[in-house]
Amino acid sequence: MPPANKKKQGKVCRDCHRVVEGENCVICGTTNLSDDWSGYLVIIDPENSEVAKRMNITLPGRYALKVR
Ligand SMILES: [Zn+2]
C-alpha cells in the first residue's frame, strides 16, 4: 500500500535514483541523497522494462523519475 505523503517515502539517491530509507544508498553506498524528487517508480523486472533500461536500472526496487 503506497504511503499517502510523498515526504514519508524517504530520500532518493542522486546517482542512481533509488528510493532509500536510511542515510546511505543501498546500491552505491553514497550519502548523496535528495528529498526533493518526483515520479514514483517501481521496477519489478529491470530486464524487461523499457524505463529501467533508459534509466540504467539493473536491480528491482523503488526509484524516482526526477531528482533535484
Ligand atoms: Zn545510488
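Please read these numbers as outputs of a predicted model, since none were measured by experiment.

## Considerations on the coordination of the zinc ion
Reference geometry at the metal: tetrahedral coordination by four donors gives ideal angles of 109.5 degrees; octahedral coordination by six donors gives 90 or 180 degrees.
Thinking step 1. Summarising the metal site, the zinc ion is bound by the protein donors Cys13 (SG), Cys16 (SG), Cys25 (SG) and Cys28 (SG), whose distances to it range over 2.2 to 2.3 Å.
Thinking step 2. One way to put it: the four donor atoms around the zinc ion meet at angles of 103 to 116 degrees, and that makes the site tetrahedral.
Thinking step 3. In primary sequence terms, the donor set of the zinc ion follows C-x2-C-x8-C-x2-C. An identical accessibility class is assigned to Cys13 and Cys16; each is buried.

## Describing the packing of aromatic side chains
Thinking step 1. Across all of its chains, the model carries one aromatic pair by this definition.
Thinking step 2. Each ring, one from Trp37 and one from Tyr40, has its centre 6.3 Å from the other, and the planes form 35 degrees; the classification is tilted.
Thinking step 3. Residue Trp37 is classed as buried on the basis of its relative accessible area, which comes to 2%.
Thinking step 4. Classification of Tyr40 as partly exposed rests on a relative accessible area of 34%.

## Some points on the sheet that holds strand 2 (residues 19-20)
Thinking step 1. Taken together, three strands build an open sheet; the order of strands is 2-1-3 and the sheet is antiparallel. Two strands close off the open sheet at either side, each with one partner strand: strand 2 and strand 3 (33-34).
Thinking step 2. Summarising the sheet, strand 1 (residues 11-13) and strand 3 pair through two bridges and their orientation is antiparallel. By the bridge assignment, Cys13 is partnered in strand 3 with Leu33.

## Describing the environment of Ile43
Thinking step 1. Along the chain, the position of Ile43 falls in strand 4 (residues 37-43).
Thinking step 2. Judged by its relative accessible area of 4%, Ile43 is buried.
Thinking step 3. Residues Ile43 and Arg62 lie 19 residues apart in sequence; the distance between their C-alpha atoms is 6.1 Å.
Thinking step 4. Not counting residues within four places of it along the chain, the set of residues in contact with Ile43 comprises Ser49, Ala52, Ile57, Leu59, Pro60, Gly61 and Tyr63.

## A closer look at unusual backbone geometry
Note: most residues except glycine have negative phi, and most peptide bonds are trans.
Thinking step 1. Of note, His17 is a non-glycine position whose phi angle comes to about 70 degrees, a positive value.
Thinking step 2. On the secondary structure map, His17 appears in the loop between strand 1 and strand 2.
Thinking step 3. We note that Asn56 has phi near 60 degrees; this positive angle belongs to a residue other than glycine.
Thinking step 4. Considering the arrangement of structural elements, one finds Asn56 in the loop between helix 1 (50-54) and strand 5 (61-67).

What counts, and at which threshold
Residues numbered from 1 in each chain as written. Predicted model: local features only at pLDDT ≥ 70, side-chain atom pairs only at ≥ 80, totals over all residues. Heavy atoms only, no water. Donors = N, O, S within 2.8 Å, 3.2 Å for Na, K, Ca; no water. Tetrahedral: all angles 85-135°; square planar, octahedral: opposite > 155°, others 65-115°. Buried < 20%, exposed > 50% of the residue type's maximum accessible area, 1.4 Å probe, protein only. Phe/Tyr/Trp six-rings, centres within 6.5 Å; stacked < 30°, edge-to-face > 60°. Pairing = 2+ DSSP bridges. Helix = DSSP H or I, 4+ residues; strand = E, 2+ residues; numbered from the N terminus. Contact = heavy atoms within 4.5 Å.

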